[in-house]
Amino acid sequence: MSAPLILIAGLLWLTIATSGDQPNFIILYRVSRALSSLLTGFVLAASGCMLQSALRSPLVDHYILGIGSGALFSTYIAILLVGYSLPHVTIASVVGGLIALSLTTLLAEKMSGSDIAYVLAGLGVTALFTGLASFTQFFVISRYQYAVFLMLGSFSIATLDKAIYALIPVGLVLAGYALLAKELNVLLYGDDYSRQLGLDPRRVRATTSILAGVASSITVAYFGLVGFIGLVSPHIARLLLKTPDNRVVIPASSTIGSILAYSADLLSRSIAVYTMSEVPAGSILFLVGAPFFLVILLARLAGSSK
Amino acid sequence: MIVTRDLTVTYRPGLPPALIDVSVEIESNTVTCIIGPNASGKTTLMKAIAGIIEYRGRILIDGKDARELGRELHKMVAYASLVDTARGTMASRVIHFLLSSLYPVKRGFWDRSEDVELVVKAARRVGVEHLLDRRLDELSAGELQRVVLAGALVREPKVILLDEPDAHLDIAGKVWLSSYLKSLSKGHTIVVSTHDVLYALNTCTYYVLLNRGRVVFVGAREDLVSSKKLLEEVYGVSFEVVDIGGEKLLIAKYA
């Protein structure tokens, strides 16, 4: 787990070093923004990896499972009720994310519990909460002008406070990694297999999904729906390391997630910035992530009838 | 020695029990076969002993109540089944699968060189050391069967429960497995479930015959051969006793 932390420190240093003699408040904004993208990428990639292992489905992340849109909708509700305050949106996003996660799990398990069932159930839940969020958005904008950015996922709304708050989900995924990485490796081979080794698969699955669900929900409250990092990063990590061993795949995935989010943010504030101001980082990630998702879905369904 | 007392297993309320008052004693240092038709409770009995499913009644392993053994139970008892082992959906390799089988005896977060040594040793014993770096989803069913067997051996348990270990093996594999289990039984308690009565007769010392969740026969090989009538009743087919080199075997008759 030290690799991603070194990377984060390195990129932060780079951000400061390249800022030259800009005024302090600009350097502070740049650092907050860089830190926000790095930490969010870290959390989403680690959560995605944990969710994929726990649910034994390589096709999911917080966005596909509906956790993201559930968290977004409840963040909007919190903003409507009390305005945008970090403690409130944090709690609200967790509640919404967990409700969406439970709904998806319940529906998917009713269907068959297969990896495809999770994608389909997640699709329904995402549609439901995205619809609710779009509907609420009109009212939310009057109370929080950046509501649209939350829908699209952007680090342009980063502040130092948010970056510091983002350390909460980082702590959660680090705890999840230390406590559950070894157990998730066992879970990969089936429930009865785990039980004969003395591991309760339901306990591991529930603890992991809740930790990953809570961590990824919180990032939604601060930077919005940043999709596909959690889906793509674990795949790249497994491909590079040629193993599903979560003890190495989770840190590698987090490193890749940090790089992806940082790069997407870098692009978002570089390309097209003179013609149409900023493209949200979330949109860039959707553009890259959606074809990737379709490719692995195609490989999964075309490759076998299992 | 494994002793079960009035073992009853019900999977779901409303369903008939999968096992009803099963009381058997399974000797150490032997290969014991659990035979019986489909849905007779073979797998359920093994899963109960392995602590995979809930049961009423008692199971004693070397005189100790299995429920009180906790983590020790999973160090002592291994259960291997091809059916219950997922091939892993994420490019899983044989070595990773076998290392995960060390879970009950493993200390620490990372694999130590001793762990890898145990895995290589188990793989060598069942002839899969050349497969260690292969992906699980690329193995043939026969290769996977051997890998699953290696997974049961890797933590060096006292009791080894094998659910249909002969399925998917070619004839050479079956003959090898039979003699391997006999040699392994010195120092271990081996319990094997199989559909193949002839295979059981060639492999095991003691037999437990289950029918609809109840034990209908426990005994040695000669007793089983002389219980031809009972077997015919349970399986609903006719058997013929054949004498091969002085050994009496049972072969099912085909119409």
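One numbering rule holds for all chains: residues counted from 1, following each sequence as written. The order in which chains are written sets their letters, starting at A; the order in which ligands are written sets their numbers, starting at 1. Only residues with pLDDT of 70 or above have their local features reported here, since the model is predicted, and side-chain atom pairs are shown and tallied only from 80 upward, although totals for entire chains, interfaces and linings are computed over all residues.

1. Some remarks on the overall build of chain B
Part 1: Only runs of H or I of at least four residues qualify as helices and only runs of E of at least two qualify as strands under DSSP, and these elements are numbered from the N terminus. Each helix and strand in chain B was counted, giving ten helices and 13 strands.
Part 2: Its C-alpha atoms put chain B at 55 × 40 × 35 Å along the principal axes.
Part 3: Counted over contacts in chain B with a minimum sequence separation of 6, partners at least 24 positions apart contribute 64%. Distance between backbone-placed C-beta atoms decides contact: two residues are in contact if it is within 7 Å.

2. Some remarks on the nonpolar core
Part 1: The nonpolar core criterion groups buried Ala, Val, Leu, Ile, Met, Phe, Trp, Tyr and Cys residues into a set whenever they are joined through C-beta atoms within 7 Å. Every C-beta atom is placed from the backbone, and the number of other C-beta atoms within 10 Å of a residue's own sets its class: buried at 20 or more, exposed at 12 or fewer, partly exposed in between. Counting residues in hydrophobic clusters, the biggest one holds 168 residues, and the most contacted among them are Leu72 of chain A together with Val77, Leu98, Ala150 and Leu161 of chain B.
Part 2: For this core, the leading source of residues is helix H2 (residues 24–54) of chain A, giving 13 residues.
Part 3: For Ala150 of chain B, the residues in contact, after removing those within four places along its chain, are Leu98, Ala122, Ala123, Val126 and Val128 of chain B.

3. As for the interface of chain B and chain A
Part 1: Listed per partner, the contact involves 25 residues of chain B and 22 residues of chain A.
Part 2: Of all elements in the fold, only helix H3 (71–76), strand E7 (77–81) and helix H4 (94–100) of chain B reach the threshold of two or more residues within the side of chain B that touches chain A.
Part 3: Looking at the side of chain B that touches chain A, the element that brings in the most residues is H4 of chain B, giving three residues.
Part 4: All amino acids are sorted into three groups, where Ala, Val, Leu, Ile, Met, Phe, Trp, Tyr, Cys and Pro are nonpolar, Asp, Glu, Lys and Arg are charged, and the leftover types, Gly among them, are polar. Residues of the side of chain B that touches chain A, tallied by class, amount to twelve nonpolar, nine polar and four charged.

4. Let's talk about the sheet that holds E7 of chain B
Residues and elements named next belong to chain B.
Part 1: Two strands qualify as a pair provided DSSP detects at least 2 bridges between them. On the basis of which strands lie adjacent, the open sheet formed by six strands has the order E7-E8-E9-E4-E10-E11 and mixed pairing. Each edge of the open sheet is held by one strand with a lone partner, namely E7 and strand E11 (214–220). Sheet twist, expressed as the average angle between the axes of neighbouring strands with direction ignored, equals 15°.
Part 2: Pairing of strand E8 (residues 159–163) with strand E9 (residues 189–193) involves five bridges; the strand directions are parallel. From the neighbouring strand, Asp163 faces E9, where its bridge partner is Ser193.
Part 3: What counts as an axis is a line fitted to C-alpha atoms, over the stretch in contact for a helix, and the angles between N-to-C directions run from 0 to 180 degrees. The strands touched by helix H6 (residues 141–153) are E7 and E8; relative to E7, the strand with the most contacts, the crossing angle is about 170°.

5. Details of unusual backbone geometry
Residue and element names in this part refer to chain B.
Part 1: Phi is positive for Ala39, close to 65°, though the residue is something other than glycine.
Part 2: Its location among the elements puts Ala39 in the loop between strand E4 (31–35) and helix H1 (42–49).
Part 3: Its identity as a non-glycine residue notwithstanding, His168 has a phi of 75°, on the positive side.
Part 4: Given 16 C-beta atoms within a 10 Å radius, His168 is considered partly exposed.

6. Observations concerning the packing of helix H11 (residues 229–241) of chain A against helix H12 (residues 246–268) of chain A
Packed helices, taken two at a time, are described by the angle their axes make and the gap between the axes.
Residues and elements named next belong to chain A.
Part 1: Their axes nearest at 8 Å, the elements H11 and H12 cross at an angle of 125°. Considered as vectors, H11 and H12 are oriented oblique to each other. For the pair H11 and H12, the crossing hand works out as right-handed. Within the contact between the two elements, H11 uses Ile229, Val232, Ser233, Pro234, Ile236, Ala237, Arg238, Leu240 and Leu241 and H12 uses Val248, Val249, Ala252, Ser253, Ile256, Gly257, Leu260 and Ala261.
Part 2: Classifying every residue of the contact of H11 with H12 by side-chain character gives 13 nonpolar, three polar and one charged. Angle categories: roughly parallel below 35 degrees, roughly antiparallel above 145, roughly perpendicular from 65 to 115, and oblique for all the rest. It is the rotation of the near helix from the far one that decides the hand of a crossing: anticlockwise by less than a right angle makes it left-handed, clockwise makes it right-handed.

7. Digging into H1 of chain B
Residues and elements named next belong to chain B.
Part 1: Buried residues dominate H1, accounting for eight of its eight residues.
Part 2: Of the positions making up H1, those classed as buried are Lys42, Thr43, Thr44, Leu45, Met46, Lys47, Ala48 and Ile49.
Part 3: Taken from the residues just after H1, Gly51 is the one with a positive phi, measuring 75°.

8. A look at the environment of Ser32 of chain A
Residue and element names in this part refer to chain A.
Part 1: Residue position: Ser32 is located in helix H2.
Part 2: Distance from Ser32 to Thr75, taken between C-alpha atoms, is 21 Å for residues 43 residues apart in sequence.
Part 3: Setting aside its immediate chain neighbours within four residues, Ser32 contacts Ala158, Thr159, Leu160 and Ala163.

9. What to know about the environment of Thr43 of chain B
All names here are of chain B.
Part 1: Among the structural elements, Thr43 can be located in helix H1.
Part 2: With 16 residues separating them along the chain, Thr43 and Ile59 place their C-alpha atoms 16 Å apart.
Part 3: If we ignore the near neighbours within four places in the chain, the residues touching Thr43 are Asp163 and Ser193.

10. Focus on the pairing of E11 of chain B
Part 1: Where strand E10 (residues 206–211) of chain B meets E11 of chain B, six bridges bridge the pair, whose relative direction is antiparallel. Bridge pairing in E11 of chain B places Leu210 of chain B opposite Val215 of chain B.

11. Description of the pairing of E10 of chain B
Residue and element names in this part refer to chain B.
Part 1: For E10, a buried count of five out of six residues is recorded, marking the element as mostly surrounded by other parts of the structure.
Part 2: Pairing geometry for E4 and E10, over four bridges, is parallel. By the bridge assignment, Cys33 is partnered in E10 with Tyr207.
Part 3: The antiparallel hairpin formed by E10 and E11 contains two residues in its connecting segment, where Arg212 sits at a positive phi of about 50°.

12. Details of the confidence of the model for chain B
Part 1: The score called pLDDT rates the predictor's confidence residue by residue, from a low of 0 to a high of 100. Of all residues in chain B, 99% have pLDDT values of 70 or greater, and the mean over the chain is 94.
Part 2: In the predicted complex, the global pTM is 0.93; the interface-specific ipTM is 0.94.

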